[in-house]
Structures are given as C-alpha cells and as structure tokens.
Amino acid sequence: MNISFERAGLRLDARQIIRLQDPQGTRVQVVSGALWITQDTDRQDHWLEADGALTLDRPGLALIHAQKPSEIVLIEPTPPGDLRHRIGQALVAASRAIGRWFARQFGPESWDRARPRGWHRCL
C-alpha cells in the first residue's frame, strides 16, 4: 500500500522498524530518541539522535530502526509538478532577472555608458 503524506509524525517503540520504498528526497527528523537508518546501495549507515535530521538520497528500500523509544517526523519532498514548486521556481527566476536589471542600471558598469545630454539635471 502507498500512503501519500506531506508531513507525518510517528512514535516508534524500541527496536521497531519502518520500511520506506523509494523514499528519495524524504526528510527524517528525530524529535526524541535514537535511530539507525540504512538505504539501499549506500555503504554508509546513519545514526541520528534527538534534533538530528537526514534527507534520504537514494531510490530503493530504506530502513529506519528505532534504537530506543523515538518520535520522528517524515517530510515528503514537494513533487516537481506541484503548484507551490512552480511558483517558487517562478519567484527565483523573477528575482534573478530583477537583480540583473538592477546591476545593469546602477552597477559599476552603468557609469561607463554614454549618457544623453542634460542627464545630470535630472539628479
């Protein structure tokens, strides 16, 4: 079964295991307790304690094993087709364009341009 969520808080008993299939981009935050996390094709295991966090970066299976009673938060990545993601991308592009325009108008290279006659009277 596939369960879709944006953010889920979970309480785990000691030695409880959660299996996540293809969790790439999912963020695991430890509120309390301690976790051991391993991902498919990752040679490195991860140990997290309270206030620790890890973003799962591989497809395949990920195992989260509670070493002691733990509270965790799982946060799903925003899908690329999501409206918030598209709006965020548009805002980043717009702010870059505004920054480039501002640099052209008022940056050091703007003073090297030829000015129309009488431009200093506008100041």
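Reading guide: rules and limits
- Residues numbered from 1 in each chain as written.
- Predicted model: local features only at pLDDT ≥ 70, side-chain atom pairs only at ≥ 80, totals over all residues.
- Heavy atoms only, no water.
- Patch = residues over 30% accessible without salt bridge, like charges linked within 9 Å, V, L, I, M, F, W, Y side chains within 5 Å.
- Areas by Shrake-Rupley, 256 points an atom, 1.4 Å probe, with all protein chains shown as cover.
- Salt bridge = Lys/Arg side-chain N within 4 Å of Asp/Glu carboxyl O.
- Helix = DSSP H or I, 4+ residues; strand = E, 2+ residues; numbered from the N terminus.
- Pairing = 2+ DSSP bridges.
- Buried < 20%, exposed > 50% of the residue type's maximum accessible area, 1.4 Å probe, protein only.
- Polar contact = N/O pair within 3.5 Å; in protein donor to acceptor, adjacent residues only side chain to side chain.
- pLDDT = per-residue confidence, 0-100.

Here we come to a nonpolar patch on the surface. A surface patch of nonpolar side chains, about 310 Å² in accessible area, is lined by Leu 83, Ile 87 and Leu 91. Note on placement: Ile 87 falls in helix α1 (residues 83–106).

Our focus in this paragraph is the pairing of strand β6 (residues 61–75). Relative to β6, strand β1 (residues 7–12) runs antiparallel, the two being bridged by six bridges. Within β6, the position partnered with Ala 8 by the bridge is Leu 74. Note that strand β2 (residues 17–21) and β6 share five bridges and pair antiparallel. Across the sheet, the residue bridging to Arg 19 is Leu 63, located in β6. Relative to β6, strand β3 (residues 27–39) runs antiparallel, the two being bridged by 11 bridges. Bridge pairing in β6 links Gln 29 to Val 73.

Bringing the pattern of salt bridges into the picture now. Counting across every chain of the model gives three salt bridges. Put simply, Glu 71 and Arg 11 hold a salt bridge, and the shortest N to O gap is 3.9 Å. Note that Glu 71 is positioned in strand β6 and Arg 11 in strand β1, a separation of 60 residues in sequence. On the accessibility criterion, Glu 71 (32% relative accessible area) is partly exposed. The closest approach of N and O atoms between Arg 58 and Asp 42, which form a salt bridge, is 3.6 Å. One end of the pair, Arg 58, is in the loop between β5 (53–55) and β6; the other, Asp 42, is in the loop between β3 and β4 (46–49), with 16 residues separating them in the sequence. Connected through shared salt-bridge partners, Asp 42, Asp 57 and Arg 58 make up one network.

On a regular strand, each side chain points to the face opposite its neighbour's, so the side chains alternate between the two faces of the sheet. Here β4 shows a buried face lined by His 46 and Leu 48 and an unburied face lined by Trp 47 and Glu 49. Where β3 and β4 come together, four bridges link them in antiparallel fashion. Counterpart to Trp 36 in the pairing with β4 is Trp 47. The hairpin formed by β3 and β4 contains six residues between the paired strands, and Thr 41 there has a positive phi angle of roughly 65°.

It is worth spelling out the side chain of Asp 42 at this point. On the basis of relative accessibility, which here comes to 15%, the residue Asp 42 falls in the buried class. A polar contact of 3.3 Å, which involves the side chain of Asp 42, links it to the side chain of His 46.

A separate point is the confidence of the model for the chain. On average, the chain scores 84 in pLDDT, and the residues at 70 or more come to 80%. Ranking the helices and strands of the chain by mean pLDDT puts β4 first, with 96, and α1 last, with 81.

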